[in-house]
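# Understanding the architecture of this molecule
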Amino acid sequence: MDILVKLMSASYPIGELVFFRGFFGLIPIFFIIPKERYKNFFQTTKLKLHLSRAILGTLGMVSIFLGVKFLPIAEAVTITFAAPIFATIFSMIFLGEQVRIYRWIAIVNGLIGVVIILKPGTQFFTIYSIFPLLFCVFFGSIAVLIKQLSKTEPDYLIIIYFTLTLICCGFVSMFFDFKLPALNDLFLLILIGIAGSTGNIFLTMSLRRASVSTVTPIKYLSLVFATVAGIFIFNEI
């Protein structure tokens, strides 16, 4: 999804991309909603938690979209390696999870990579680096909220509130900045929604079945794809 956002952000406003991420992201969700819940799939006793997850998720989505737009994609993705650190710390504080030493080693290595990329205190540091860092904080909070919600709430319900919030916020933003999508871009905009939503579904399912500190470090694998895209698609390296 990040690669597609990088491609489309050169031509479309971030708010509009958020809208398409949410709107077309509904497609995979409908495949996991049980038929017997079609009439009342919004029903929940955890509305405040759902809204908290949805709002923080939307803020995180906007942050990473801005980071990917203004930074080289490999750099933006590398900075998000701080996300598992926040997620692990929050899971220890709010969920009481125990974190083994080998996971801390992986997390610390990720943090070292973030510091190397950021180069704080040098002329290489840019204000746009703040956006992926903000995403890390939001992601850590989201992971804990998803884990809490997964105790009683089905996956589709956790995801649908977030997706609808993306649609609403993106739609409002288009009153201020909108560009009519070209037909040849429509496929990629649809793909942003489907790819992003599918990834969100897998993340939610994973957090239901495993601890936050186990799931979130897997994010480090994304650097491989970001680096390849940076070299062969965006000529950034």
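Above this text you will find the structure in question.
Residues numbered from 1 in each chain as written. Predicted model: local features only at pLDDT ≥ 70, side-chain atom pairs only at ≥ 80, totals over all residues. Heavy atoms only, no water.

Counting its regular elements, the protein chain contains 12 helices and zero strands. In the protein chain, the order of α-helices and β-strands from amino to carboxyl end is α-α-α-α-α-α-α-α-α-α-α-α. Taking the contacts inside the protein chain whose residues are at least 6 apart along the sequence as the reference set, 88% of them involve residues at least 24 apart. (Helix = DSSP H or I, 4+ residues; strand = E, 2+ residues; numbered from the N terminus. Contact = heavy atoms within 4.5 Å.)

Within the secondary structure, Glu-16 sits in helix 2 (residues 14–23). Although Glu-16 is buried, it forms no salt bridge, and the closest oppositely charged side chain is Lys-179 at an N-O distance of 8.3 Å. Polar contacts involving the side chain of Glu-16 include one to the main-chain amide nitrogen of Lys-179, which spans 2.9 Å. (Buried < 20%, exposed > 50% of the residue type's maximum accessible area, 1.4 Å probe, protein only. Lys, Arg positive; Asp, Glu negative; His and termini not counted. Salt bridge = Lys/Arg side-chain N within 4 Å of Asp/Glu carboxyl O. Polar contact = N/O pair within 3.5 Å; in protein donor to acceptor, adjacent residues only side chain to side chain.)

Below, the discussion takes up a nonpolar patch on the surface. A surface patch of nonpolar side chains, about 420 Å² in accessible area, is lined by Phe-70, Ile-127, Tyr-128, Ile-130 and Leu-134. If you trace the backbone, Leu-134 turns up in helix 8 (residues 130–149). Given the relative accessible area of 36%, Leu-134 is considered partly exposed. (Patch = residues over 30% accessible without salt bridge, like charges linked within 9 Å, V, L, I, M, F, W, Y side chains within 5 Å. Areas by Shrake-Rupley, 256 points an atom, 1.4 Å probe, with all protein chains shown as cover.)

Once that is clear, we can look at the nonpolar core. Looking at soluble globular proteins, one finds that nonpolar side chains tend to be buried together. In terms of nonpolar packing, the biggest core is built from 42 residues, with Leu-17, Ile-29, Phe-65, Ile-160 and Ile-192 touching the most fellow members. It is helix 9 (residues 155–173) that contributes the most residues to this core, eight residues altogether. Setting aside its immediate chain neighbours within four residues, Phe-65 contacts Met-1, Val-5, Ile-14, Leu-17, Val-18 and Arg-21. Within the second largest apolar cluster, 10 residues are counted, among which are Ile-142, Leu-149, Ile-158 and Val-215. (Core = buried A, V, L, I, M, F, W, Y, C linked by side-chain atoms within 4.5 Å.)

This part is about the packing of helix 8 against helix 10 (residues 183–209). Following both chains from N to C, one finds helix 8 and helix 10 inclined at 60°, their axes separated by 9 Å at the closest point. Taken together, the axis directions place helix 8 and helix 10 in an arrangement best described as oblique. Crossing of helix 8 over helix 10 shows right-handed handedness. Of the residues in helix 10, those in contact with Phe-139, Ala-143, Ile-146 and Lys-147 of helix 8 are Leu-203, Thr-204, Leu-207 and Arg-208. Looking at the contact of helix 8 with helix 10 residue by residue, the class counts come to five nonpolar, one polar and two charged. (Axes fitted to C-alpha atoms, helices over the stretch in contact; angles between N-to-C directions. Parallel < 35°, antiparallel > 145°, perpendicular 65-115°, else oblique. Left-handed = near helix turned anticlockwise from the far one by under 90°. Nonpolar A, V, L, I, M, F, W, Y, C, P; charged D, E, K, R; others polar.)

The next point concerns helix 2. Burial of helix 2 is extensive: nine of the 10 residues sit out of reach of the surface. Tucked into the core, helix 2 has its buried residues touching helix 1 (2–8), helix 3 (26–30), helix 4 (47–70), helix 9 and helix 10.

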